[in-house]
Amino acid sequence: MTKTILPVSFFFGANNKSGYCSLYSKLYNPYETGNHIILKGGPGTGKSTLMKKLATKLYNGGYYVEQGFCSADPNSLDVVLAPEIGFSIFDGTAPHTFDPTMPGVSEHIVDLSVAWDKDYLKKHSEEIGELTKLNKSFHTKAADFLKVASFFESQSVLLCNRFLDREKLERYVLRLASREIPAQKGVEKGKEHTRFLSAVTPDGVVVQHDSVVALAEKIITIHDEYGIAAPYIASYIGDYALENGYDVYKCYCPLFPQFKVEHIIIPQLSLAIFTENNYHQSIDEVSKRIHASRFFLKDESIKHQEKLAFYKKAKKEFVDEAVRKLSLALDTHNRLEEYYIKATDFDVIDKITNKLLKV
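This report concerns the structure included in the present document. Nothing here was measured: the structure is a model prediction, and the numbers come from that model.

## Focus on the packing of helix H3 (residues 125–160) against helix H8 (residues 305–343)
- At a closest axis distance of 8 Å, the pairing of H3 and H8 adopts a crossing angle of 165 degrees. When the axis of H3 is compared with that of H8, the two are roughly antiparallel. For the pair H3 and H8, the crossing hand works out as left-handed.
- Each residue belonging to the contact of H3 with H8 can be placed in one class, and the counts come to 25 nonpolar, 7 polar and 8 charged.

## Comments concerning the sheet that holds strand E7 (residues 87–91)
- Here we have 6 strands laid out as an open sheet, ordered E1-E5-E6-E7-E4-E8, and mixed in their pairing. The open sheet is flanked by strand E1 (8–11) and strand E8 (107–111), the only strands paired with a single partner. With strand direction ignored, the average angle separating the axes of adjacent strands in the sheet is 30 degrees.
- Pairing of strand E4 (residues 35–40) with E8, which is carried by 5 bridges, proceeds in the parallel orientation. In the strand pairing of E8, His36 is matched with Glu107.

## Quick look at empty space enclosed by the protein
- Evaluated as defined, the whole model comprises 2 cavities of 30 Å³ or more.
- Its boundaries defined by the atoms lining it, the largest cavity holds a volume of some 330 Å³.
- Along its surface, the largest cavity is lined by 27 residues, and Glu153, Glu262, Asn277, Tyr279 and Lys315 are the ones closest to its centre.
- Of all the secondary structure elements, the ones that give two or more residues to the lining of the largest cavity are H3, strand E10 (198–201), helix H6 (230–243) and H8.

## A look at the side chain of Ser106
- Of note, Ser106 is situated in the loop between E7 and E8.
- Residue classification places Ser106 among the buried positions, given a relative accessible area of 2%.
- Dropping the residues within four chain positions of it, Ser106 is found in contact with Pro30, Glu32, Gly34, Asn35 and His36.

## Looking at the layout of surface pockets
- Reported here for the largest pocket is a volume of approximately 940 Å³.
- Of all the secondary-structure elements, those providing two or more residues to the lining of the largest pocket are helix H1 (47–60), strand E6 (73–82), H3 and H8.
- Residue contributions to the lining of the largest pocket peak at 7 residues, all from H8.
- When grouped by side-chain class, the residues that make up the lining of the largest pocket number 13 nonpolar, 18 polar and 7 charged.
- The computed volume of the second largest pocket comes to approximately 440 Å³.
- Residue lining of the second largest pocket: 20 residues in total, with Leu27, Tyr28, Asn29, Pro83 and Lys191 positioned closest to the centre.
- At the level of secondary structure, the elements contributing two or more residues to the lining of the second largest pocket comprise E6, E7 and strand E9 (192–195).
- Grouping the constituent residues of the lining of the second largest pocket by class yields 8 nonpolar, 6 polar and 6 charged.

## A word on a positive patch on the surface
- The grouping of Lys168, Arg171, Arg175, Lys288 and Arg294 at the surface amounts to a positive patch.
- The element that contributes the greatest number of residues to the positive patch is helix H4 (residues 166–180), accounting for 3 residues.
- Within the secondary structure layout, Arg171 lies in helix H4.

## Some remarks on the nonpolar core
- In terms of nonpolar packing, the biggest core is built from 64 residues, with Ile89, Ile237 and Ile266 touching the most fellow members.
- Residue contributions to this core peak at 6 residues, all from H6.
- Apart from residues no more than four positions distant in its own chain, Ile237 is found in contact with Val173, Leu176, Ala177, Ile181, Ile264, Ile266 and Ile273.
- Counting 25 residues, the second-largest nonpolar core is a separate cluster that includes Val8, Tyr24, Leu197 and Val212.

## Side note on the sheet that holds strand E13 (residues 248–252)
- With respect to topology, 6 strands assemble into an open sheet ordered E9-E13-E14-E15-E12-E16, the strand pairing being mixed. Looking at strand neighbours, the two that pair on one side only are E9 and strand E16 (288–291), the edges of this open sheet. This sheet shows a mean twist of 20 degrees between the axes of neighbouring strands, independent of strand direction.
- Summarising the sheet, strand E12 (residues 218–223) and E16 pair through 4 bridges and their orientation is parallel. When the sheet's bridge partners are listed, Thr221 is paired in E16 with Arg289.
- Contacts between H6 and the sheet are confined to E9, E12, E13, strand E14 (261–266) and strand E15 (271–276), with E14 contributing the most and set at about 35 degrees to the helix.

## Observations concerning the pairing of E1
- Burial along E1 is two-sided: Val8 and Phe10 and Ser9 and Phe11, pointing in opposite directions, are all buried.
- Across 4 bridges, E1 lies against strand E5 (residues 66–70) in parallel orientation. Pairing of Ser9 across the sheet is with Gln67, part of E5.

## Some thoughts on the pairing of E13
- Along E13, 5 of the 5 residues are buried, which leaves the element largely enclosed by surrounding structure.
- Judged by which residues are buried, E13 turns out to be covered on both faces: Val248, Lys250 and Tyr252 on one side and Tyr249 and Cys251 on the other are all buried.
- Note that E9 and E13 share 4 bridges and pair parallel. Of the residues in E13, the one forming a bridge with Arg195 is Cys251.
- Relative to E14, E13 runs antiparallel, the two being bridged by 4 bridges. Each bridged residue has a counterpart across the sheet, and for Lys250 the counterpart in E14 is Ile264.

Conventions used here
Residues numbered from 1 in each chain as written. Predicted model: local features only at pLDDT ≥ 70, side-chain atom pairs only at ≥ 80, totals over all residues. Heavy atoms only, no water. Axes fitted to C-alpha atoms, helices over the stretch in contact; angles between N-to-C directions. Helix = DSSP H or I, 4+ residues; strand = E, 2+ residues; numbered from the N terminus. Parallel < 35°, antiparallel > 145°, perpendicular 65-115°, else oblique. Left-handed = near helix turned anticlockwise from the far one by under 90°. Nonpolar A, V, L, I, M, F, W, Y, C, P; charged D, E, K, R; others polar. Pairing = 2+ DSSP bridges. 1 Å grid on protein atoms, 1.4 Å probe; cavity = no way out; pocket = protein on both sides within 12 Å on 5 of 7 lines; lining within 4 Å. Points joined across faces, edges and corners; volume = space filled by probe spheres on them. Buried < 20%, exposed > 50% of the residue type's maximum accessible area, 1.4 Å probe, protein only. Contact = heavy atoms within 4.5 Å. Patch = residues over 30% accessible without salt bridge, like charges linked within 9 Å, V, L, I, M, F, W, Y side chains within 5 Å. Areas by Shrake-Rupley, 256 points an atom, 1.4 Å probe, with all protein chains shown as cover. Salt bridge = Lys/Arg side-chain N within 4 Å of Asp/Glu carboxyl O. Lys, Arg positive; Asp, Glu negative; His and termini not counted. Charge placed at Lys NZ, Arg CZ, Asp CG, Glu CD. Core = buried A, V, L, I, M, F, W, Y, C linked by side-chain atoms within 4.5 Å.

By themselves these figures say nothing about function.
Next comes the structure, spelled out in structure tokens:
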């Protein structure tokens, strides 16, 4: 794995039309040797702080470390990975509920609820219940808005397909692949790492630009407002690299996590393909910029500009509404945390943390 100077951060879960999409199950193989910690416990019990301490220790120890930030609170950690030593630690509570496949073998549950004053929590059960339901309702409303935003995104792509010069795009991608990916014969297929580089959060759409810069010296940016050419280019180049034995980070669109690749990073080649649009601002260190409009049939595309502008504006309005609901959900979560913080004996949490730091 490539060593880096800058910290490497991704999202391993994303808010979308289904509510929440988690990548946890794709981050390691439980049947292989490893040490994977799953934290259980409510809000405010120090899970993120614990993981930040572990990340710092591992990073200072010279290991390649990936941090996974929370899309519900981008200042909070959900995951820390140190793949070189087969180590990971996860927040295994809702909405990214995660349970072990090989408990006690390669996976271990650490229960932070042992530090709770349960009598205090029961005393405030009514308030905690109301805040929990309110938080859930805000997340449900955010998902509803993202569902409509996804609809307008899909309509935009369908419309763009009418004037996409697919043959020109395919010829270009073939040239790009042969130029940027050295062919290797007789090699095993590379390993695909599934990630989110961006997420819809209470702070808006957050993109982990620093991770691209940390893992790639050559950054090819595709300016694509309508998401029609960039996913094809990124997906093709990623698959071509995998077939030639290179490991690839495939970063999917949080609204379409099953099939829409927005960015790829190939650390062994120090190469990245980055999609630039209204939500993913430009990276200063860009080496080359490709404009998706070059693959449009100009006369045909002009005819549809008004409708495309409508779809773009509508999508933005619904994404913005989702962000507002997520902000309200975070505020509610913070109020909920206050009860759990008061109920938690942090001396117990510190002892658990110190024990894990010796791992």
